Amino acid sequence: MNEWDYHDLAAFDFTEPCLCHPSMQERFFTLKTAPPNGPNVEIPFLILAGFPSKAQAYELEDNKLGLAKRIQICVLDSQPSDDSLLLLRTIDPMTYEPDGMSGGSAFSVHMVQDALTAFFAGIIVRAGNGFYRIVKAGYVIRFLDQFVNDLES
């Protein structure tokens, strides 16, 4: 049994469909670098996005899929004992059940040369009671690099 949330990551190879349908490439995020390291005061907030289960509208009989995305603004709370994670605290109370937010994206906003700049911060793995846990971007990048290396070998 895996003891870290980092082991919940999964990757899929979409190279062939993207080569067959070049217009699909714009739907994929290019991920090359992790956000810069810095003291917490340089990260005023984080933006999380996901699709909580109870907010979705699945009409199987009518073959309709109504996706409902939720955005949550958070701040850094603490560093859990698992170094691959960050614990984030919501700024406003959660108005929805967060079950299903796992797999959603997290972006951190940093002050870079007196300008606010957004960076991919990680992937949501758990949430509840005003807190989110994300796998840090550096660990996601390392995982994807290994995935690509395995494909090429």
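Residues numbered from 1 in each chain as written. Predicted model: local features only at pLDDT ≥ 70, side-chain atom pairs only at ≥ 80, totals over all residues. Heavy atoms only, no water.

A.B. asks: I'm lost on the overall build of the chain in this one. Help?
C.D. replies: In terms of regular secondary structure, the chain is built from two helices and eight strands. Helices and strands in the chain line up, N terminus first, as α-β-β-β-β-β-β-β-β-α. Along the first, second and third principal axes, the C-alpha atoms of the chain reach 45 × 40 × 40 Å. By sequence separation, contacts in the chain at least 24 residues apart represent 58% of the contacts at least 6 residues apart. Carbon together with sulfur atoms contributes 52% to the accessible area of the chain, which is approximately 10,500 Å² in total. Counting 11 positive and 20 negative side-chain charges, the chain places the averaged centre of each group 5 Å from the other. (Helix = DSSP H or I, 4+ residues; strand = E, 2+ residues; numbered from the N terminus. Contact = heavy atoms within 4.5 Å. Areas by Shrake-Rupley, 256 points an atom, 1.4 Å probe, with all protein chains shown as cover. Lys, Arg positive; Asp, Glu negative; His and termini not counted. Charge placed at Lys NZ, Arg CZ, Asp CG, Glu CD.)

A.B. asks: What should I look at first to understand the pattern of salt bridges in this one?
C.D. replies: Once the charged atoms of two side chains with opposite charge are near each other, the side chains can pair. Considering all chains together, one arrives at two salt bridges under this definition. Put simply, Arg89 and Asp77 hold a salt bridge, and the shortest N to O gap is 3.3 Å. One end of the pair, Arg89, is in strand S5 (residues 85–90); the other, Asp77, is in strand S4 (residues 70–78), and 12 residues separate them in sequence. Under the relative-accessibility criterion, Arg89 is labelled partly exposed at 37%. (Salt bridge = Lys/Arg side-chain N within 4 Å of Asp/Glu carboxyl O. Buried < 20%, exposed > 50% of the residue type's maximum accessible area, 1.4 Å probe, protein only.)

A.B. asks: What exactly am I supposed to notice about the packing of aromatic side chains here?
C.D. replies: Aromatic rings in a pair are described by how distant their centres are and how their planes are angled relative to each other. In the structure shown here, the tally under the stated rule is one aromatic pair. Taking 5.9 Å as the distance between ring centres and 75 degrees as the angle between the ring planes, the aromatic pair formed by Phe107 and Phe120 counts as edge-to-face. Taken together, the residues Phe107 in strand S6 (residues 105–112) and Phe120 in strand S7 (residues 115–128) connect sequence positions 13 residues apart. On the accessibility criterion, Phe120 (10% relative accessible area) is buried. (Phe/Tyr/Trp six-rings, centres within 6.5 Å; stacked < 30°, edge-to-face > 60°.)

A.B. asks: Where do I start with the environment of Ile71 in this structure?
C.D. replies: Tracing the backbone through its elements, the reader meets Ile71 in strand S4. On a C-alpha basis, the gap between Ile71 and Gly104 in space is 9.9 Å, while along the polypeptide they are 33 residues apart.

A.B. asks: What's the story with the environment of Gln113 in this structure? I'm lost.
C.D. replies: By the secondary structure assignment, Gln113 is in the loop between S6 and S7. Gln113 gets classed as exposed once you look at its relative accessible area, which sits at 78%. C-alpha separation for the pair Gln113 and Phe131, spaced 18 residues apart in sequence, amounts to 30 Å.

A.B. asks: Please clarify how the nonpolar core should be interpreted in this entry.
C.D. replies: Soluble globular proteins tend to bury their nonpolar side chains together. Core analysis: the biggest nonpolar cluster contains 15 residues, and Leu46, Leu48, Leu76, Leu88, Ile124, Tyr132 and Ile134 have the highest contact counts within it. Among the nonpolar cores identified, the runner-up in size contains eight residues, and Val135, Ala137, Tyr139 and Val140 belong to it. (Core = buried A, V, L, I, M, F, W, Y, C linked by side-chain atoms within 4.5 Å.)

A.B. asks: Can you help me understand the sheet that holds S4 in this one?
C.D. replies: Sheet strands line up and pair through hydrogen bonds in the backbone, either parallel or antiparallel. The strand order around the closed barrel built from six strands is S1-S4-S5-S8-S7-S6, with neighbouring strands paired in antiparallel fashion. This sheet shows a mean twist of 45 degrees between the axes of neighbouring strands, independent of strand direction. Pairing of strand S1 (residues 45–50) with S4, which is carried by five bridges, proceeds in the antiparallel orientation. Counted as the bridge partner of Gly50 is Arg70 from S4. (Pairing = 2+ DSSP bridges. Axes fitted to C-alpha atoms, helices over the stretch in contact; angles between N-to-C directions.)

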